Amino acid sequence: MLKRLLAATILAAAFGGAAVATDAKPTDPQIAHIAYTAGTIDIEAAQQALKKSKNPDVIEFAKTMERDHKAVNDQALALVKKLGVKPEDNPISKSLNANAAKERKTLASLKGAAFDKAYVANEVAYHKTVNGALSDTLIPSAQNAELKSLLESGLTLFQQHQAHAEHLATMVK
């Protein structure tokens, strides 16, 4: 659990730190890439859970994560195509990917209830961090109204995911 909190802290620092380091808000192409990367990471985590878990509640949650994050990512891709914007890789998206790779490796080494508990704890921490980044950094920094609207609707959905993960964490022992 301490490892997950540390990972969440690193993730929060990545979201906040990159913008502070350059003393500039992320641009819309960077925001698009960050949001898409965050969604992809959760899709991959869900797919890992679907392969490893035997817990019906965890499987149901993972299916929801995969479906919802794919839908939002599809909307994001359609929007960037419509706007003719090329998402830009950046220090935040790179940090997200690096941290996600470490977490997938950690989860890969676990089985049964230990995996379920760790996966759900990671989902709680990840959604808290991503939701905070959306509300505190990405949405306020977005210049394009359509991008901002997509991020806002994503935040509403991801807050529901966080609540679902928090509830599931009380059930998975």
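Parameters at a glance
What you see as residue numbers is a count from 1 along each chain, following the sequence as written. Totals for whole chains, interfaces and linings use all residues, but because this is a predicted model, local features are given only for residues with pLDDT of at least 70 and pairs of side-chain atoms are given and counted only at 80 or more. In computing side-chain values, all of the structure's heavy atoms are included and hydrogens and water are not. Helix and strand definitions follow DSSP, with helices as H or I runs of at least four residues and strands as E runs of at least two, each counted in order from the N terminus. Each residue gets one of three labels from its accessible area relative to the maximum for its type: buried under 20%, exposed over 50%, partly exposed in between, using a 1.4 Å probe on protein chains only. Residues are treated as being in contact if the distance between any of their heavy atoms lies within 4.5 Å. For every accessible area listed, the method is Shrake-Rupley and the probe measures 1.4 Å; residues are considered covered only by the protein chains on display. Here the nonpolar core consists of buried residues drawn from Ala, Val, Leu, Ile, Met, Phe, Trp, Tyr and Cys, with membership extended through side-chain atoms lying within 4.5 Å. To estimate how far a helix should reach, multiply one less than its number of residues by 1.5 Å. Two axes enter the definition of the bend at a residue: one is fitted to the seven residues ending there, the other to the seven starting there, and the bend is the angle between them. Salt-bridge detection follows one rule: a side-chain nitrogen of Lys or Arg within 4 Å of a carboxyl oxygen of Asp or Glu. Two kinds of site are reported from a 1 Å grid over the protein atoms alone, namely cavities, where a 1.4 Å probe fits but cannot get out, and pockets, open sets with protein on both sides within 12 Å along at least five of seven lines, and residues are called lining when an atom falls within 4 Å of a point. Grid points are joined across faces, edges and corners, and a volume is the space filled by probe spheres set on the points. Ten residues, namely Ala, Val, Leu, Ile, Met, Phe, Trp, Tyr, Cys and Pro, are considered nonpolar, four, namely Asp, Glu, Lys and Arg, are considered charged, and the remaining ones, Gly among them, are considered polar. Here, axes are lines fitted to C-alpha atoms. For helices the fit covers the stretch in contact, and angles between N-to-C directions go from 0 to 180 degrees. Angles are sorted into four bins: roughly parallel if under 35 degrees, roughly antiparallel if over 145, roughly perpendicular if 65 to 115, and oblique for all others. It is the rotation of the near helix from the far one that decides the hand of a crossing: anticlockwise by less than a right angle makes it left-handed, clockwise makes it right-handed.

This part is about the overall build of the protein. In terms of regular secondary structure, the protein is built from 6 helices and 0 strands. Taken from the N to the C terminus, the helices and strands of the protein come in the order α-α-α-α-α-α. Evaluated residue by residue, the protein yields a buried proportion of 46% over its 173 residues. Sequence-distant contacts in the protein: of pairs separated by 6 or more residues, those separated by 24 or more amount to 83%. Roughly 8900 Å² of accessible area belongs to the protein as shown, and the carbon and sulfur atoms make up 59% of that amount.

With 21 residues, the main nonpolar core has Ile-31, Leu-96, Leu-134, Leu-138, Leu-147 and Leu-151 as its most contacted residues. If you list the elements that add at least two residues to this core, you get helix H2 (28-52), helix H3 (56-83), helix H4 (91-108), helix H5 (112-141) and helix H6 (145-171). The next biggest cluster of nonpolar side chains, apart from the first, holds 16 residues, and it includes Met-65, Leu-107, Val-120 and Val-124.

Taking 1.5 Å of rise per residue, 30 residues should cover 44 Å, and H5 covers 41 Å from first to last C-alpha, within 8% of that figure. The largest bend along H5 reaches roughly 45 degrees and is located at Leu-134. Taken across its 30 residues, H5 has 21 buried, putting it largely inside the fold.

Inspection of every chain in the model, using the stated rule, returns 4 salt bridges. Notably, a salt bridge pairs Asp-68 with Arg-67, separated by 3.1 Å at the nearest N-O pair. By relative accessible area, Asp-68 is classed as buried at 13%. The class for Arg-67 is exposed, based on a relative accessible area of 52%. Among the ionic pairs, Lys-82 bridges to Glu-146, the shortest N-O distance being 2.5 Å. Remark: Glu-146 occurs in helix H6 and Lys-82 occurs in helix H3; sequence separation between them is 64 residues. The exposure class assigned to Lys-82 is exposed, which follows from its relative accessible area of 58%.

All right, on to empty space enclosed by the protein then. In this structure the tally under the stated criterion is 2 cavities of 30 Å³ or more. A volume near 220 Å³ is recorded for the largest cavity. The wall of the largest cavity is formed by 23 residues, among which Ala-35, Tyr-36, Val-72, Leu-151 and Phe-158 lie closest to the centre. Of all the secondary structure elements, the ones that give two or more residues to the lining of the largest cavity are H2, H3, H5 and H6. For the lining of the largest cavity, the class distribution of residues is 19 nonpolar, 4 polar and no charged.

Take the packing of H2 against H5 next. Each pair of packed helices can be summarised by the angle the axes make with each other and by the distance between the axes. Following both chains from N to C, one finds H2 and H5 inclined at 170 degrees, their axes separated by 11 Å at the closest point. In this view, H2 runs roughly antiparallel relative to H5, as classed from their interaxial angle. Relative to H5, H2 is oriented so that their crossing is left-handed. Contact with H2, carried on its side by Asp-28, Ile-31, Ile-34, Ala-38, Ile-41, Asp-42, Ala-45, Ala-46, Gln-48, Ala-49 and Lys-52, involves Phe-115, Tyr-119, Glu-123, Tyr-126, His-127, Val-130, Leu-138 and Ser-141 of H5 and no other residues of that element.

Once that is clear, we can look at the packing of H3 against H6. It is the contact of H3 with H6, at a shortest axis distance of 11 Å, that shows an interaxial angle of 170 degrees. Relative to H6, the element H3 is oriented roughly antiparallel.

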